[in-house]
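Tertiary structure, described
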Amino acid sequence: MSHSITQKKDGSVVTVLLDNPDKLNALNLASWDELARVMTALSEDDEIRCVVIRGVGERAFCAGADISELPVKRGDAAGARQYGAVTDAAMEAITECRHPTLAAIRGPCTGGGLEIACACDIRIAGASARFGVPINRLGHVLGHMEMKLVLAAAGPELLLEMLLEARIIDAEEALCRGLVGRVVPDGELDATVAAAAERIAEGAPLSNRTTKKFLRRLSSPAPLSEAELDEVNTVCDSDDYAEGLRAFLAKEKPDFKGK
Amino acid sequence: MSHSITQKKDGSVVTVLLDNPDKLNALNLASWDELARVMTALSEDDEIRCVVIRGVGERAFCAGADISELPVKRGDAAGARQYGAVTDAAMEAITECRHPTLAAIRGPCTGGGLEIACACDIRIAGASARFGVPINRLGHVLGHMEMKLVLAAAGPELLLEMLLEARIIDAEEALCRGLVGRVVPDGELDATVAAAAERIAEGAPLSNRTTKKFLRRLSSPAPLSEAELDEVNTVCDSDDYAEGLRAFLAKEKPDFKGK
Amino acid sequence: MSHSITQKKDGSVVTVLLDNPDKLNALNLASWDELARVMTALSEDDEIRCVVIRGVGERAFCAGADISELPVKRGDAAGARQYGAVTDAAMEAITECRHPTLAAIRGPCTGGGLEIACACDIRIAGASARFGVPINRLGHVLGHMEMKLVLAAAGPELLLEMLLEARIIDAEEALCRGLVGRVVPDGELDATVAAAAERIAEGAPLSNRTTKKFLRRLSSPAPLSEAELDEVNTVCDSDDYAEGLRAFLAKEKPDFKGK
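Residues numbered from 1 in each chain as written. Chains lettered and ligands numbered in written order. Predicted model: local features only at pLDDT ≥ 70, side-chain atom pairs only at ≥ 80, totals over all residues.

Section: the relation of the copies chain A and chain B
Selection criterion: Alignment of copies: least-squares fit on C-alpha atoms of residues with pLDDT of at least 70 in both copies. Here the contact rule is simple: place C-beta atoms from the backbone, and any two residues whose C-beta atoms are within 7 Å are in contact.
Mapping chain A onto chain B is achieved by rotating through 120° and translating by 0.0 Å along the same axis, at an RMSD of 0.0 Å. Here the transformation between the copies is reduced to the relation of a three-fold axis. Closest approach to the rotation axis among the C-alpha atoms of chain A is made by A:Pro221, whose C-alpha sits 3.5 Å away. The residues that chain A uses at the interface reappear at the interface of chain B in only 5% of cases, marking distinct surfaces.

Following this line, the structure appears as structure tokens:
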């Protein structure tokens, strides 16, 4: 296994690196598989407060799938089923990650790279960021679940501009149209992302996990049960809530334990 | 009962005031309960054409729940069930109000205050407005239905920035990201809101109520029945529609009766 | 039949013209019916790669329904049922068009004209464009399905400002709030739209049709079947996908056949 996906840890914040800088961090099948495994393992680690995903180097977030291996690995429907099961698992592992996820984006963020960014909770871009999914130039399409991810971040019109026109948009347009929440000069990206991760890490981890769980639940059309609607109340029996109220009224900094 | 929620009437436009200026108009349990009652009563009054919600004074819209009483009133899950039933009733009374609702926002609009604003149909902010819901600093979360309200106005990424990062955003960012539709200098807020309320009051009240009813209906995933799909046609048997057509073609000002 | 809806063809791109310039291209019942027929026929033509919808002349996209005939043609609920069946068919024919659709907008784009624009996949506006649906001045409303169309493009708050306040917004505000994706000077509109249509025409037509099909499917709350989820894989058995991969890796321009 090459080191296609690497990690570094800084306190309770883990950075996952998409690591193939010679190809703008494009991911091959082995890397997608590794990404799924890494994200699943991080999700289960209760010590973590925030996961940042970024590309290695200063040139790119991720240019998507490594196309050079597609004729062999995804050359027909049978191949696509195997390949797609792996990329679906990677996207699901990011989407289902219990901890807040932050995409730090510079340079190309295209195709599968855009999907990774859209699977994250929060996107912060450097001014060099470029977004698109020119998949119709390959005669291919986004699957329903991939499209749903990008749709939630981009809205229907920008999604269709990227898919039908194969438009690549810059950071300024991505900000104006809501695909990313913040754009900063490239030189400030790392510090901005680190500060955001720090703010996330200071919040009650139980709150953050529950927030993510509720938001995912709202994306399903099934009616909410009484038990589900009561979950917000049971949070008030947690140690973190008692600590949060106590610290707020004492004007102290809370010390959350995540339970 | 303190005058925690007050009202003033100007023609067919009623202004509901969140009235606790010493605490940035934070609402205690009695105020939430009163807000639910006031909004329900206004909804039933056929003489009303528009309801404006604002804070008392020039400093704040509403800083949310009055936290000082939470250790007693919402200290555990059992308390939260009682407290939440009241705040849910207030949000539902705003959301279900048959008349158009307008939030006029200056200064802090946070926590439950943000929920009130998002429950309104239209939000107009002064440049001093600040938005957020830093609830993870308390170890708490938005319930599913509260989250759904803010999600509809803020979209998923800004919602998560406010919840996970505890970000407070200013009026300019709220405008850029679609959380509010218009921002004006604070000194022009009252006049801008009054003009908007006036325009609303000039429209056919039956149209406005039906518009709100249809939009609420679209938020449910249940398929529309034939009878529901026919409601748009039955509007053409109303006196207001006949008057609207007549006045338009005669180039006169219509005199709508609301039936 | 007057020439209320006309067409011109330029290669694989067809432009549909709303043709009633003396009345800002307002459509009467016969025109709505013709629009439905034209769009349905274009959808079935496999030689077409993109459909542009615009108004005749430089003054307007479309000011909606021709109100002068409404007292006779839509004067009561019975008339509205007949009239609405025709306009619904027109909107459905645009929405269901298998080929990418582009609205080229200058001047008034209001009422039914706004609905046409929102039924298109992509909206590009000249700086003179104006948007609104001041239907409550007529005592009328948007039906559920019409509202759903405008809601998807405008979001709930702008939709309600247009419906409840009868606001007419300019191109700049429409861009800022996401109702249109791009605004250019009027003098550049035709060239910008032609370039976008050209980019669309260069993509694999099977990809574009499948993208539109998947996006429509996502607007339904019904769970996706295994067969539906597998459709993305079957695309990899198409000639267009093989050609797309081949051309990409050979650094050549692909020659897509649409199968």
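Here the narrative resumes.
A look at helix α1 (residues 29-44) of chain A
Put simply, the rule is: Only DSSP runs of H or I covering at least 4 residues are called helices, and only runs of E covering at least 2 are called strands; the numbering of each starts at the N terminus. The span one expects for a helix is its residue count, reduced by one, times 1.5 Å. Exposed residues have 12 or fewer other C-beta atoms within 10 Å of their own C-beta, buried residues have 20 or more, and residues in between are partly exposed; the C-beta atoms are placed from the backbone.
The end-to-end C-alpha distance of α1(A) is 23 Å, a good match for the 22 Å that 16 residues give at a rise of 1.5 Å each. When α1(A) is considered as a whole, its buried residues turn out to be A:Leu29, A:Ser31, A:Trp32, A:Glu34, A:Leu35, A:Ala36, A:Val38, A:Met39 and A:Leu42.

Quick word on the interface of chain A and chain B
Quick reminder of the rule: Here the term charged refers only to Asp, Glu, Lys and Arg, the term nonpolar to Ala, Val, Leu, Ile, Met, Phe, Trp, Tyr, Cys and Pro, and the term polar to all other amino acids, Gly among them.
The interface of chain A with chain B comprises 42 residues on the first partner and 36 residues on the second. Secondary-structure elements contributing two or more residues to the side of chain A that touches chain B are β6 (122-126), α5 (144-164), α7 (186-202), α8 (205-218), α9 (226-234) and α10 (239-249) of chain A. Among the elements that make up the side of chain A that touches chain B, the one with the highest residue count is α8(A) (nine residues). For the side of chain A that touches chain B, the class distribution of residues is 23 nonpolar, 11 polar and eight charged.

Some words on the relation of the copies chain A and chain C
With an RMSD of 0.0 Å, the fit of chain A onto chain C corresponds to turning through 120° and sliding 0.0 Å along the axis. Different-surface contact between copies: only 6% of interface residues of chain A are shared with the interface of chain C.

Things to note about the domain arrangement of chain A
How large an interface is tends to be reported as the accessible area lost when its parts come together. Residue and element names in this part refer to chain A. So the rule is basically this: Here the bounds of each domain stem from an automatic or database domain assignment.
Assigned domains within chain A: domain 1 (5-201) and domain 2 (204-249). For domain 1 versus domain 2, the separation of C-alpha centres amounts to 27 Å. Contacts between domain 1 and domain 2 engage five residues on the former and four residues on the latter. When its residues are assigned to classes, the side of domain 1 that touches domain 2 shows two nonpolar, no polar and three charged.

Points about the sheet that holds strand β5 (residues 108-110) of chain B
Residue and element names in this part refer to chain B. The condition that has to hold: Pairing between two strands requires that DSSP report at least two bridges joining them. Every angle, taken between N-to-C directions, lies between 0 and 180 degrees, and every axis is a line fitted to C-alpha atoms, over only the stretch in contact when it is a helix.
Strand order in the open sheet made by the three strands is β5-β7-β8, with mixed pairing throughout. The strands lining the two open edges of the sheet, one partner per strand, are β5 and β8 (169-170). Pairing of strand β7 (residues 130-132) with β8, which is carried by two bridges, proceeds in the antiparallel orientation. Its bridge partner lying in β8, Arg130 is registered against Asp170. Across the sheet, helix α4 (residues 112-119) lies against β5 and β7, angled at about 85° from β5, the strand it touches most.

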